[in-house]
Structure formats: C-alpha cells, structure tokens
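Architecture and fold: a report
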Amino acid sequence: MSTQSPTIARLIGAPTDVGAWVRGASLGPEALRVAGLAQALRWQGLGVQDWGDLYGPVNPMHPPVRGCSHLREVHIWTLLVAGAVQQALSWGQVPVLLGGDHSLAIGSVAAVARHCATQGKRLQLVWFDAHADSNTPATSPSGHLHGMPLACLLGQGPVELTRPEPVLRPEQVWLLGLRSTDPGEEALLQSVSIRPVRLQGGPDDGWQMVATLAQWLTDLDPQTHVHLSLDLDVLDPGLAPGVSTPVAGGLNAEQAMACMRWLGQCGLVGSVDLMELNPARDVNQQTARLAVALLTQLLAPPDQNTQSSAEVISR
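In what follows, the accompanying structure is described. (Residues numbered from 1 in each chain as written. Predicted model: local features only at pLDDT ≥ 70, side-chain atom pairs only at ≥ 80, totals over all residues. Heavy atoms only, no water.)

1. A short note on the sheet that holds strand 8 (residues 269-275)
- Spatially, 8 strands are ordered 2-1-3-8-7-4-5-6 in an open sheet, and the strand pairing comes out parallel. At either end of the open sheet lies a strand with only one pairing partner, and these are strand 2 (47-53) and strand 6 (197-198).
- In this structure, strand 1 (residues 8-14) lies alongside strand 3 (residues 94-99), joined through 6 bridges in parallel fashion. Looking across to strand 3, one finds that Ala14 is bridged to Gly99. (Pairing = 2+ DSSP bridges. Helix = DSSP H or I, 4+ residues; strand = E, 2+ residues; numbered from the N terminus.)

2. So, the pattern of salt bridges
- What the rule picks out here adds up to 8 salt bridges.
- Taking the shortest distance from any N to any O, the salt bridge between Arg23 and Asp17 comes out at 3.5 Å.
- Residue Asp17 is classed as buried on the basis of its relative accessible area, which comes to 2%.
- With a closest N to O distance of 2.7 Å, Arg33 and Asp50 form a salt bridge. Taken as a pair, Arg33 in helix 1 (residues 28-34) and Asp50 in strand 2 lie far apart in primary sequence, 17 residues in all.
- Salt bridges here are not isolated pairs; linked through shared partners, they connect Glu30, Arg33, Asp50 and Asp53. (Salt bridge = Lys/Arg side-chain N within 4 Å of Asp/Glu carboxyl O. Buried < 20%, exposed > 50% of the residue type's maximum accessible area, 1.4 Å probe, protein only.)

3. Let's talk about the nonpolar core
- Of all hydrophobic cores here, the largest spans 56 residues; its most connected members are Phe128 and Leu263.
- No other element matches the 9 residues that helix 10 (residues 286-299) contributes to this core.
- Residue contacts for Leu263: discarding those within four places in its chain leaves Val126, Phe128, Leu213, Leu217, Val226, Leu228, Val269 and Leu298.
- Ranked by size, the runner-up nonpolar core spans 43 residues in total, among them Val18, Val74, Val109 and Ile194. (Core = buried A, V, L, I, M, F, W, Y, C linked by side-chain atoms within 4.5 Å. Contact = heavy atoms within 4.5 Å.)

Below you can see the structure in the form of structure tokens.
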C-alpha cells in the first residue's frame with residue numbers, strides 16, 4: 001500500500017469452508033459486507049471496489065483421503081483466488097480477500113509472490129494465527145487443509161498445492177499469535193528455522209508481540225511488499241467468538257488495533273487476507289464489526305482518524 005497516492009481496495013469474496021472441519025466460514029464475506037466494511041473504508045477516504053464473490057465448489061463434507069479432505073475442491077478455490085488477486089495487483093489495487101477458511105491463502109500468497117517477482121520486490125508474509133497451519137497430510141490429525149496452508153506455501157504438502165516449487169522461503173514468514181500447535185507442526189517449524197511469536201498466557205505477551213512486530217517493520221526495505229494474512233482466531237475468543245477454531249487467550253482489541261496501526265503506518269502492505277470469520281458462531285456481529293475496525297485501521301491513510309474498536313463493537 002503506497003502512502004503517496006490514493007489507495008484502491010478491491011474486495012474479493014471467497015465464500016467457502018471446504019478446507020475446514022466446521023461449517024460457517026463460507027458466510028464470512030457477506031457478514032463483513034453487512035457489518036459495513038466498504039462504507040467504513042470509504043469513510044476514511046479510500047477508494048473501494050467490491051467485485052462480489054468468487055464462485056467455486058461447495059463443501060461436500062467427505063472424509064479425508066490420503067491425509068486430505070476435499071483436495072480437489074481446495075485446489076480449485078486456490079486457483080480462483082490466485083487469479084482474482086493477480087488481476088487486482090496488476091491494476092495497481094490492494095486486493096482484500098474476504099474468507100472463507102485459511103486454505104485460501106495458498107492461492108492469494110502464490111499470486112502475490114508472482115507479482116513481486118515481476119516487479120522486483122521482496123515479499124514479506126505477516127501471518128496472524130492462533131495455529132501454525134503447518135501440518136502436512138502425514139502429520140495432520142484431521143486431514144483438513146485449513147491446517148496446512150503455510151506448510152504448502154513452504155513446499156511441504158500435496159503436490160497439487162505445492163508444485164512446481166515452494167512459494168516462500170522460511171525467512172519470508174513472520175508467524176504471530178500462536179497458542180495451539182500439533183507435534184508435526186512444531187517439528188516442521190523447527191526444521192525450517194521459523195521462530196513464531198507465541199501468546200503463552202502472560203499478561204504482557206500481547207504487547208510484547210506488538211513491540212516485536214513494530215521492530216520488524218521498521219527494519220524492512222522500502223522495496224518490500226508486505227502481505228498480511230489475518231486469521232481472526234488470533235483474537236481472544238471472548239472478544240471475537242465468531243471463528244471456527246477458537247483458542248483461549250489471544251490479542252485484545254487494543255493490541256490488535258496497535259498491530260494494524262503499525263502495519264498501516266509502515267506503508268508497505270499491498271495485499272490482505274481476512275480469514276476464518278464464522279458468522280454462525282458470532283454474537284451480535286461482534287467479530288465481524290471488530291474485523292471491520294481492524295481493516296479500517298490497517299488501510300486508512302495515516303492522517304485519518306479511524307473509529308476505535310470499542311466504538312465499532314458498541315454500535
């Protein structure tokens with residue numbers, strides 16, 4: 001995202017939960033629209049184009065085959081997402097992918113990586129999540145692909161989702177907010193030397209994470225394209241109940257808004273995933289409204305006064 005010219009955000013809905021084991025994330029894009037996402041961004045002076053929803057396979061609710069559920073369907077969705085994200089980037093817009101489950105990031109990050117390669121930019125992935133999303137078919141306890149996208153992007157997963165070569169190198173990944181991982185994920189992260197920032201229940205963990213992110217961002221080269229992949233389960237489930245896989249603890253509203261503020265002020269965020277909103281589990285649109293506040297804080301020009309999370313949640 002450039003601070004030198006007006007930002008045009010293209011909203012891309014991906015209404016699917018084929019990668020998940022809980023139904024409901026397919027309702028996320030429309031819930032964000034109902035919560036006023038486009039209006040909130042326009043109120044901040046941003047140009048917004050809502051291109052509606054992509055159309056792909058429905059969730060067949062089949063059991064895993066060779067360690068994966070719905071591999072064909074997930075693969076199709078990632079291709080659809082990649083095409084839409086690539087088009088937005090080619091038009092100089094900021095693609096904002098509205099999920100949908102987190103397996104969709106396989107497509108969005110692949111498109112961003114291709115764009116960066118053609119533009120001579122360095123890609124940095126900022127991945128907020130309560131989970132590592134680093135299982136493989138051999139290590140996943142469930143076989144659900146929304147637990148595997150980061151591994152796939154690093155080249156470890158089904159060939160349909162990893163060929164012809166890894167999308168990312170480990171040093172391009174910042175993984176923040178972890179508090180639930182499987183043994184296979186821990187082994188993979190250790191093997192590729194990714195050191196996640198964890199939330200382990202300490203009273204200052206969240207603010208320490210904000211400080212770490214701020215330091216990392218200040219060290220980035222101006223030729224860096226930052227892709228934000230935000231899984232809403234990084235938030236405390238008491239604050240954001242509308243997710244499919246809640247984990248106790250997590251960021252509070254002020255900490256999450258501070259992270260978005262730092263990301264927005266760095267001027268390098270050029271693409272965004274907003275993942276795993278599950279309106280079927282939300283309470284009075286609480287999670288959707290907070291998601292709108294977070295995106296508004298992220299994308300608003302630095303001189304604009306965004307609404308606080310408390311104001312959004314209390315509406």
